[in-house]
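# What the coordinates show
Chain residues, written in single-letter form:
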Amino acid sequence: DIQMTQSPASLSASLGETVTIECRASEDIYNGLAWYQQKPGKSPQLLIYNANSLHTGVPSRFSGSGSGTQYSLKINSLQSEDVASYFCQQYYDYPFTFGSGTKLEIK
Amino acid sequence: QVKLLQSGAALVKPGASVKMSCKASGYTFTDYWVSWVKQSHGKSLEWIGEIYPNSGATNFNEKFKGKATLTVDKSTSTAYMELSRLTSEDSAIYYCTRSGAPYYFDYWGQGVMVTVSS
């Protein structure tokens, strides 16, 4: 199975700041990577697919980048509604696997 | 709009089985895979498996083979997952999701909380 190592596990930032979350795959996943946001008590929601494509309706302050085994999610101008957990997921190969998540809080 | 409506929470005894549903609307049910994802309390996500409603083809995470059975009813655009021989390790929230090709999950159900307790 492809292991997804996500960091940091938790993050505290101020409103308006820019934050970055990293995800490293145990092998090349050829941009088969998605990012999800999960607010407390809610289902995960797709933010980014194919490593850098913004899902419909997702604010443009979210962006994804990376290639090979290294990927990142950047959130510009942090808003209060961005408080959530964020997960990466590879879908390059079966079984699809997720990172362990990053919990984002406002300082 | 795309919606995946899941059945309600379940409290089941150890050793029993549970079957949950996921009713799709707002898109052509047979054109997309339906995956199931497990989220244990406060933890990350695990992909269980997927089914293609048009053909009934399935793919599973080895970890869940023998534990999960996936079926669909095309007439009602509903996917089902049955979990068997339940233990406390199966207590979790289970989500159904929609995916195309490539296989990211673009829509999620609201989740079903399963509690295994005597």
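Below you will find a few notes about this structure.

Criteria and cut-off values
- Residues numbered from 1 in each chain as written.
- Chains lettered and ligands numbered in written order.
- Predicted model: local features only at pLDDT ≥ 70, side-chain atom pairs only at ≥ 80, totals over all residues.
- Heavy atoms only, no water.
- Contact = heavy atoms within 4.5 Å.
- Buried area = accessible area lost by both parts, 1.4 Å probe.
- Salt bridge = Lys/Arg side-chain N within 4 Å of Asp/Glu carboxyl O.
- Polar contact = N/O pair within 3.5 Å; in protein donor to acceptor, adjacent residues only side chain to side chain.
- Helix = DSSP H or I, 4+ residues; strand = E, 2+ residues; numbered from the N terminus.
- Nonpolar A, V, L, I, M, F, W, Y, C, P; charged D, E, K, R; others polar.
- Buried < 20%, exposed > 50% of the residue type's maximum accessible area, 1.4 Å probe, protein only.
- Disulfide = S-S within 2.5 Å.

Between chain A and chain B, the contact holds 19 residues from the first and 21 residues from the second. Counting each side, the surface lost to burial between chain A and chain B is near 1,600 Å², with a carbon and sulfur contribution of 64%. Remark: the boundary between chain A and chain B carries zero salt bridges. Counting across the chain A and chain B interface gives seven residue pairs in polar contact (both at pLDDT 80 or more). With three residues, strand β4 (residues 33-38) of chain A is the largest single contributor of residues to the side of chain A that touches chain B. For the side of chain A that touches chain B, the residue count by class is eleven nonpolar, seven polar and one charged.

Residues and elements named next belong to chain A. Topologically, Asp-28 is positioned in the loop between β3 (19-25) and β4. Judged by its relative accessible area of 29%, Asp-28 falls in the partly exposed class. Along the primary structure Asp-28 and Tyr-92 are separated by 64 residues, whereas in three dimensions their C-alpha atoms are 8.8 Å apart. Those residues in contact with Asp-28, other than ones at most four positions away along the chain, are Gly-68, Thr-69 and Tyr-92.

Our focus in this paragraph is the state of the cysteines. Under the counting rule described, the total for this entry stands at two disulfides over all chains. The disulfide partner of Cys-23 of chain A is Cys-88 of chain A, and the gap between their sulfur atoms is 1.8 Å. Given an S-S torsion of about 40 degrees, the disulfide between Cys-23 of chain A and Cys-88 of chain A has right-handed geometry. Of this pair, Cys-23 of chain A sits in strand β3 while Cys-88 of chain A sits in strand β9 (residues 84-90); the two residues are 65 residues apart in sequence, bridging distant segments of the chain. Across this residue pair, the class does not change: Cys-23 of chain A and Cys-88 of chain A are buried. Residue Cys-22 of chain B pairs covalently with Cys-96 of chain B via a disulfide, S to S 2.0 Å. An S-S torsion of about 75 degrees defines the bridge between Cys-22 of chain B and Cys-96 of chain B as right-handed. Placement of Cys-22 of chain B in strand β3 (residues 18-25) and of Cys-96 of chain B in strand β9 (residues 92-99) is noted, with a sequence separation of 74 residues between them. With respect to class, Cys-22 of chain B is no different from Cys-96 of chain B; both count as buried.

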